[in-house]
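# Tertiary structure, described
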Amino acid sequence: MAFKAEYIWIDGTEPTHLLRSKTKVVPNGTTDFPIWGFDGSSTNQAPGANSDCVLRPVYSCKDPIRGADNMLVMCEVLLPDMTPHPTNTRAACAEVAEKFAAEEPWFGIEQEYTLFESDGKQPLGFPEGGFPGPQGPYYCGVGADLIFGREVSETHATACIEAGIEIAGTNAEVMPGQWEFQVGPVGALEVSDQLWVSRWLLHRIAEEYSVVVSIDPKPVSGDWNGAGAHTNYSTKAMRESYQPIINACEALSKNVQEHIRNYGAGNEKRLTGLHETQRIDEFNYGVSDRGASVRIPWQVEVDQKGYLEDRRPASNMDPYLVTRLIIQTTCG
Ligand code: ADP
Ligand code: MN
Ligand code: MN
Ligand code: MN
């Protein structure tokens, strides 16, 4: 007998890469998933005349959609000579994670997203051709007049638990139809592999409900919160005392532009200084400050140890880029 392994990878679409996947039937008992290939000319990853790209499995988990023995297999993309493809941001993340392994960096990422009707235009909970009541009652709300798409969030969280993904929680967000889940805290590669697979599961589950997931950082313009991917970060030293947290904030303040360039496309529409954000062209950090670029949670100041929250990454950010940069800037 055999089972299905769903090979998942990140494509070359700009400015925000899309997830792709295809199914490989493998013999029962397979745990060492083989290398596979795909047509890179159909994913913006190769010219038609030289189209082969390589999929190398890097992380696998149970497939909660198909159940039974079926598996999900996250892959990195290689060129035919087995070097990393230009779109492969994981390889550099793996190098940095290994280099600074002694610091024991942990990440917890808050993934915000917005659900749309199947047309991809009408946000869930928005009346046709108009707007719902202003923000206020939706965040962590309850009731059919305030909450739209809870079945997607619920089904997704259960699926992540069944897969063995380190999902930490979920909540309804500030705009109707907007939700969040968190993954972590775990290491840079673990959080990134798992966040990509959990994003794939989210799109896949939303399919079943004929709704569309957007990770656009400003899915509705105007007086509506954008969508971010707050990145919570600590090293062993930060988990033991306070001064290393301040040192990390200071290091981040000295490398602002490189971080912003790699924190997601369209983030300038979200980081305006309004809606619980700092402006994209300013940097500050502060305790409890949700208008800061980097927040030190209130409890962390009380305990004099813990972690920091980089609030700048957009919902469409690539966690391989973001976690690598945070480690490099604060440990390098
Ligand atoms: P908030 O919405 O108040 O900003 P959340 O509860 O949504 O916060 O997310 C905080 C995340 O911080 C948790 O999901 C967890 O993954 C992460 N976290 C907790 N402790 C640490 C730590 N020591 N290092 C890194 N991340 C952490
Ligand atoms: Mn949160
Ligand atoms: Mn949030
Ligand atoms: Mn947050």
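Rules used throughout
- Residues numbered from 1 in each chain as written.
- Chains lettered and ligands numbered in written order.
- Predicted model: local features only at pLDDT ≥ 70, side-chain atom pairs only at ≥ 80, totals over all residues.
- Heavy atoms only, no water.
- Donors = N, O, S within 2.8 Å, 3.2 Å for Na, K, Ca; no water.
- Buried < 20%, exposed > 50% of the residue type's maximum accessible area, 1.4 Å probe, protein only.
- Near = heavy atom within 4 Å.
- Polar contact = N/O pair within 3.5 Å; in protein donor to acceptor, adjacent residues only side chain to side chain.
- Areas by Shrake-Rupley, 256 points an atom, 1.4 Å probe, with all protein chains shown as cover.
- Helix = DSSP H or I, 4+ residues; strand = E, 2+ residues; numbered from the N terminus.
- Nonpolar A, V, L, I, M, F, W, Y, C, P; charged D, E, K, R; others polar.
- Pairing = 2+ DSSP bridges.
- Domains from an automatic or database assignment.
- Buried area = accessible area lost by both parts, 1.4 Å probe.
- Expected span 1.5 Å × (residues − 1).

## Quick look at the coordination of the manganese ion (ligand 3)
- Donor atoms from the polypeptide that coordinate the manganese ion (ligand 3) comprise Glu-112 (OE), Glu-173 (OE) and Glu-180 (OE), at 2.1 to 2.2 Å from the metal.
- In terms of primary sequence, the donors binding the manganese ion (ligand 3) are separated according to E-x60-E-x6-E.
- Take Glu-112: its relative accessible area is 9%, and that puts it in the buried class.

## Describing the site of ligand 1
- Surrounding ligand 1, one finds 16 residues, the nearest of these being Glu-110, Glu-180, Ser-234, Arg-295 and Glu-309.
- With respect to ligand 1, the side chain of Glu-110 contributes an N or O atom lying 3.1 Å from an oxygen atom.
- For ligand 1, an oxygen atom lies 3.4 Å from a polar atom in the side chain of Asn-232.
- Against a free-state accessible area of 580 Å², the protein chains account for coverage of 76% of ligand 1.
- Those elements that provide at least two residues to the shell around ligand 1 are strand S6 (106-117), strand S8 (178-186) and strand S10 (231-234).
- The element best represented in the shell around ligand 1 is S8, accounting for 4 residues.
- Class assignment for the residues of the shell around ligand 1 results in 5 nonpolar, 5 polar and 6 charged.

## Focus on the pairing of strand S7 (residues 167-172)
- The sheet contact formed by S7 and S8 spans 5 bridges and is antiparallel. In the strand pairing of S8, Asn-171 is matched with Glu-180.

## Comments concerning the coordination of the manganese ion (ligand 4)
- Coordination of the manganese ion (ligand 4) by the protein involves Glu-110 (OE), Glu-110 (OE), His-230 (ND1) and Glu-309 (OE), with metal-donor separations of 2.0 to 2.5 Å.
- Donor residues for the manganese ion (ligand 4), ordered by position in the chain, follow E-x119-H-x78-E.
- Here the manganese ion (ligand 4) and the manganese ion (ligand 2) are spaced 3.9 Å apart, and both take Glu-110 as a donor. With His-230 in the loop between strand S9 (211-214) and S10 and Glu-309 in strand S13 (residues 308-310), this residue pair connects regions lying 79 residues apart in the sequence.

## What to know about the domain arrangement of the protein chain
- We note that the domain assignment places domain 1 (2-88) and domain 2 (97-331) within the protein chain.
- Between domain 1 and domain 2, the C-alpha centre-to-centre distance is 25 Å.
- Counting the surface lost from both domain 1 and domain 2, the interface buries some 1,500 Å², and carbon and sulfur atoms represent 77% of this.
- If you sort the residues of domain 1 by the area they bury against domain 2, Leu-19, Tyr-59 and Ile-65 come out on top, with a joint share of 35%.
- At the surface where domain 1 touches domain 2, the tally comes to 2 residue pairs in polar contact (both at pLDDT 80 or more).
- Counting only elements with at least two residues in the side of domain 1 that touches domain 2, the list comes to strand S1 (2-10), strand S2 (19-27), strand S4 (52-62) and strand S5 (71-78).
- Considered class by class, the residues forming the side of domain 1 that touches domain 2 number 11 nonpolar, 2 polar and 2 charged.

## Some words on helix H8 (residues 319-331)
- Relative to the 18 Å expected for 13 residues at 1.5 Å per residue, H8 spans 17 Å between its end C-alpha atoms, a close match to the ideal helical length.
- Of all 13 residues making up H8, 11 are buried, and the element is well covered by its neighbours.

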